[in-house]
Every structure is written in C-alpha cells, then in structure tokens.
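Chain and residue survey
The residues making up each chain are set out below.
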Amino acid sequence: MGTKEKILDVKNLTKSFDAKIVLNDLSFDLEKGEIFGLLGPNGAGKTTMIRIILDIIRADHGEIKIFGEEFDESLKERIGYLPEERGLYQKITVLECLRYFAELKNVKKSEDKIDFWLDKVGLRDYKKKKIEGLSKGMQQKIQLVAAFIHNPELLILDEPFSGLDPINTKLAKDILLDLKREGKTIILSTHQMDQVERTCDRILMINRGKRVLYGSLDEIKSHYKESLVVEYEGDLRRVEGVKKIDDYGKYAELSLEEDTNQQEVLKRLIEIVGVRRFEMKAPSLNEIFIEVVENA
Amino acid sequence: MRKTFIVAKHEFLATVKTKGFIFSMILPLLILLLMVFAMGFIPQTISETETPQNIGFVDETGTLQTSDNFIKFGDVGNAKKALLENEINSFFVLPANYLETGKISVYLKGGFFSSRPTSSIEAFLMDNLLRESDLDETLKERIKEPANEEVITLNEKGEVEEKSGVGFLIPYVIAFVLVFAIMSSSGYLMQGIVAEKENKTVELLLSSMSANELLSGKILGFGSAGLLQVLVWICSGGLILFLTPFASLFQGIQISWILILAIVYFILGYLLFAGSMACVAATASTVRDAQQGAGIFTMLGILPMLLLSIIVKAPNSVIAKVLTYVPYTTSVTTLMRIALVEVPIYELVVSLSILVISVLIMIKLSAKIFRTGILMYGKKMKIKDIFGYLRE
C-alpha cells in the first residue's frame, strides 16, 4: 500500500477554539482508491478536521497536502463534500438547485450529468419538482448527487447513510463501491460501525482531538483479544471471568479476563442461560470503539 | 471571481422573482401615479366643470360698476334672497364709509364647498378704484400686480444658486428612494445569509468557494437587485412625471449630476449597510435574531429621514453637517443637502472619503466575521465572541 499515490497527507494538525483544543497534533494520510473510515465519538473533532481539509476554517498548526499540492481554491473542484450540517434550497426545483451547485463546481453541460445521477438514485421524475415537496430521504439523495455531480477524485462524506431506509442505504453503499472501482478515494465519517467494518479499507479514529486508532481493520483488530459471541435465551447479567458484556438481549459479545479459559466460561453460561450459538471471534469495531472511548 | 458572479446571478434572480421584491418595486410607482392623478388632473377637471362664481354686491358708496361675474343688488335683502336661491355664490356690502375704513362685509352660504372669494373681490375693487384715477395705464397695471416674483438664493460666497420652484420636492424624493433602496437590498442580503444558515446550504457552498467569494457574490447580487429597483423607480417615475403637466415644473433642474452622485452614494451606502448586515446575519441563527441585531443599523439608516425637516429648513446647520460626516447617514444627508444648497466641494470630498474608508474597513471586518460566524449553528453570539473572531 505504501507505494500508492497519496491523495491526502495531513501532518501535525492542531486547532483550538478559545482554550479548548479540538485537534491535537493529528497526522494521517489517504491513499488513492481507498475507502477511509473516519471515526470518533460526538465532539471528537471529525467535522473540524474535515472543514480544515476544505479550508473552510484554518488550522493553528500543521500541514496539509491534497493531491500532492498545497491547498488552493481550485482544488475544491476536485473534491466532493457531503456535510453533516446539510440542507437544500427549499423553494426552487431539483434541477435549479443541482444546476447551481454544478455551476459552482465548474461543470460543463450539467444537465446531462444531473439526468445521469437522478436516474441512478431513482429521482428522474422529480427533476422539475420543488425541493420542499420531497421527502427527507429523497432530499438526502439529492445532496449525495450534489456531492458527486462534478465527478470528484476525492469524496468526503459525513454521515451519508443517516436518514436513509435500508433500501436507500444499500443504493448509497453500492454507489460508493462503484466510485471506488472507478479509482475515487472516499472518506467516510460515520457512527455506523457495521458499515465501516464492511466497506472501509483503513480507518482513523479520533477521540478528544487525538488519534487513537489508525490503520487497516485487520491490523487494529490484531491488537485486541478475541471476544466471545453468544446467542442465547434467558437473562444474562454477570458471568465470572468475564470483564465486560456488550449485551443486546439475545446476542452478546463478551470480553474475557486475561487468564480465563473459554471452556470454563461456556460451562458457566450454560448454567445461567440457554446457549444457541457460541463462537470465538475477533472483536467487532463497535466493541473496540466503546473500549477505546471508555478507557480514554 | 467567476464563482462570485455565479453566486451574484443566483441571488439576483432568486430575489427579483420574489413577490415581495416585485411588490416593493411597483408599489411606490402606484402611489406616485395616484398622487399625479390626485394633484394634477382632479383639480383641473373640477375647475373645468364648475360654473364660474357669481358674486353679488350692495354698493352704498355708489361708485362700483358691474362687470362679468359681479351683479349689483339694491339692498341686502334682495342679495340674501339671491344667495339662498343659488343665483349667486356670495355677495359683499360696501358701506358708505368704505374709502375711509376699507371695511366690507362678505356673505357666504355655509357648507363644505363654500370658499371665500377674497382675491376676486379685491381685484374687482381695485379695478373700480383705479378707474377713477388719472394714472397712466402701465402704472395702473403695476399697482394691480406690483410684484411678479423671481426668487434668487445666494450661497455663502454670494453666488447665485439656481433652484426652481419644485426643488424642495427633490430632497424628499431622493431621501425616500435612497433610504428605501439601501435598507431593502441590505435587508434582502441579511435574510439571504440567515436563510442559507437556516437551511444549512452554506457549508456545501463553502466546499465550492471561499467565504469571501460567497460574501462578495451575495453583496453583488442583492446590491444589483437594489440598484435595479432604484433605476426602475427613477426611470418610470421620471416618465410618469414628464408625461404629465408636472413636466414644466422640473424644467431647469440639473437632475443628471445629482443622479450620478445618487448612484455613487447608493453603491457606497449599500456596501456599508450590506457589510454591517452580513456581520449581524452571520452571527445570528434565526431571521428574528438577525432582525433584532440589525435594528441599530436600520435606525441609523433612517435617522436622516427622521431629521428631514431640520435638514430641509437648515441644510447648513450643525446637525446636517454632523450627519454628513457620519458614515451611516452621510449618503442620504449629503444628497438632500446638495438638492437644497450648494455644498462646498471639500465637504463632498470629506463625506465620500469617510464613506469609502468605512466601506473598506467594513468589508474586511464582515469577511472575517462572516467566515467564522456562518458555521456556528444554534449558538447566540456575544460581542466577546465577535472580538475573538477578529483575532483569528
């Protein structure tokens, strides 16, 4: 991976608002063609970091290179952005709205591209409709189109799946994978750990402005002990030899204490609940996330 | 720059298509049209249809001769009867000692439309008095009309100021048009910024251009809409006035250079208010918040209107001069003063310089505050925060 072209290179990024340090000496890079997960609890500094990358706000210290270059306004035409705080003009039509965004990104013959993307997200019939008449999910898809319309090389998507039903989530995910196949690079900032686990090549997790996890999922998981997955019926509360239980009612992920034997735990479990499945597996990203944040 | 123009075009088209804009463009014209009709045509039609006034008189001196509309009565009783039967509109009694005292009694019928025929009676009496004298005809004419006035006003240096009769109207019109145009277009700008903040399109826009490009595009777009409004008013207002009997009143007024100055003052005044409103809008989270914050600027903007009568009465008074040097009031005040008196060139230069410098400072200031404030959602801004932004 090291030989691949670097799309983004962030070094020692620091930013504070008043006395509060929001980003603390953050460094990472982005390789061409990868889907890169950006994780962190609310208020960790993800949005601030994205805004600094786009020069919407300025960092106190640090260096950023995009496509190997220092930031320049013209680079914005090569980046697509779906902000977390997002909305559309309500009083104009879908076409007028997208045409305006496309014009700002210097897209020629924008209507062809608008048609192409509206077809792709299944909203071609709504082209001449006013935005205020569209459902929340439809508006979300229009916002995605606004981020894709200029065929950007780098896409920064902040919570792209929030507000989408499972069908539209699948549609959005498929589009992202298509874009990845075309060689686009995607930063995916989300709280949906399962999505990250299934789609991202590498991740960066920030907590309180600091980098706490960085690398491929396999690398990261190799640093964590396997956990025990149980599907059960009954009441699972405390099991001897288990450090922590991430319980969902019928499904639980158990982190074992250092010197605990798995077979011992299984015996104890059978005494308490009806076990339907029992499996050792690498910890999920969700578990790692919770552990990292709680232990911080 | 390209993106500035795209934003400007978008905002301009979005604004001029709104009902509010179209309404505010047409409404003053409708009012003007109504005024023209009310002032110009109605009195004319009334005087055309009305029968000329018949005035009766009872002459106890025995010197008056009847003429066109003046009917002689033998005694007051007959005259009263004629008045009550509407044969005459009024009558007067000239007592025997009239020449010594000059006193006469005028009788009218009560009612809304009755009016005292003073000037007609005076002219009639004067005719009769002069007929008896042996003065020559020219002198008689001069006595009848001793002063055919032409008023010449001098400025401080003793030079003649050429102003004609309706000159006094111009400052009111200028003040109204300028204040309305500046306040409405900067008001549109403020609403436009807050609306984008509320509908959260602003961050998407900032991923396509810099905050400065966005702000200048908006200022340009809304300003053009305001300028369009002014031009439509001036052109169609001018057209309405020049196509009516009012045209003659405006002859001899040097509109052209006042118009050029008006446009310069509009642009500078608008930029100053636009910058101020942008600061308010960027730091507010709802339109209501923004309107509250903008109150102080609105007050400053209409201050010259509130002090209009003082400025018109004494265009060179201390108040008028102070307002000339305050950036927020100088546009309207200076233009009103120019319409009234000769404003010394140095005052114009100082006023324009103060305005230009204020505009430059305001643009820098608003760009900074806009850049930082625009992405602060749902947070009320304090003055302390604003100083914080300026340091960044």
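Basis of the calculations
- Residues numbered from 1 in each chain as written.
- Chains lettered and ligands numbered in written order.
- Predicted model: local features only at pLDDT ≥ 70, side-chain atom pairs only at ≥ 80, totals over all residues.
- Heavy atoms only, no water.
- Helix = DSSP H or I, 4+ residues; strand = E, 2+ residues; numbered from the N terminus.
- Buried < 20%, exposed > 50% of the residue type's maximum accessible area, 1.4 Å probe, protein only.
- Contact = heavy atoms within 4.5 Å.
- Pairing = 2+ DSSP bridges.
- Axes fitted to C-alpha atoms, helices over the stretch in contact; angles between N-to-C directions.
- Buried area = accessible area lost by both parts, 1.4 Å probe.
- Salt bridge = Lys/Arg side-chain N within 4 Å of Asp/Glu carboxyl O.
- Polar contact = N/O pair within 3.5 Å; in protein donor to acceptor, adjacent residues only side chain to side chain.

For the rest of this paragraph, the subject is the overall build of chain B. In terms of helices and strands, chain B carries 16 helices and 6 strands. The buried share among the 392 residues of chain B stands at 44%. Across chain B, the fraction of contacts at a sequence separation of at least 24, relative to all contacts at a separation of at least 6, is 70%.

Looking at the element boundaries, B:S210 is found in the loop between α8 (202-206) and α9 (211-242). As for B:S210 and B:K3, which are separated by 207 residues in sequence, their C-alpha atoms are 9.2 Å apart. Those residues within four positions of B:S210 in sequence are excluded, and the remaining contacts are A:E73 and A:K76.

What follows covers unusual backbone geometry. Residues and elements named next belong to chain A. For N151, which is not a glycine, the phi torsion comes out positive at approximately 50°. With respect to the helices and strands, the residue N151 is situated in the loop between α4 (136-148) and β6 (154-158). Even without a glycine there, the phi angle at R208 is positive, about 50°. Looking at where R208 falls in the secondary structure, it is placed in the loop between β8 (202-207) and β9 (210-216).

Within the fold, A:N207 resides in strand β8. Residue A:N207 is classed as buried on the basis of its relative accessible area of 8%.

Residues and elements named next belong to chain A. The antiparallel open sheet is built from 3 strands, whose spatial order is β2-β1-β4. Here the strands that pair on one side only, and so sit at the sheet edges, are β2 (20-31) and β4 (61-66). Mean inter-strand twist for the sheet, computed between neighbouring axes without regard to direction, equals 15°. Of the strand pairs in this sheet, strand β1 (residues 6-17) and β2 are connected by 8 bridges, and their pairing is antiparallel. By the bridge assignment, L13 is partnered in β2 with L26. Across the sheet, helix α1 (residues 46-53) lies against β1, β2 and β4, angled at about 60° from β2, the strand it touches most.

This part is about the interface of chain B and chain A. Across the contact, 24 residues belong to chain B and 28 residues belong to chain A. For the pair chain B and chain A, the two sides together bury roughly 2500 Å², of which 53% comes from carbon and sulfur. Counting the surface chain B buries against chain A, the share from its top three residues, B:E203, B:L204 and B:R371, is 25%. Linking chain B with chain A are 5 salt bridges, by the criterion used here. For A:R51, the salt bridge identified is with B:E203, shortest N-O distance 2.8 Å. Across the chain B-chain A interface, the total number found is 13 residue pairs in polar contact (both at pLDDT 80 or more). Elements with a contribution of two residues or more to the side of chain B that touches chain A: α1 (2-16) and α8 of chain B. The element best represented in the side of chain B that touches chain A is α1(B), accounting for 6 residues.

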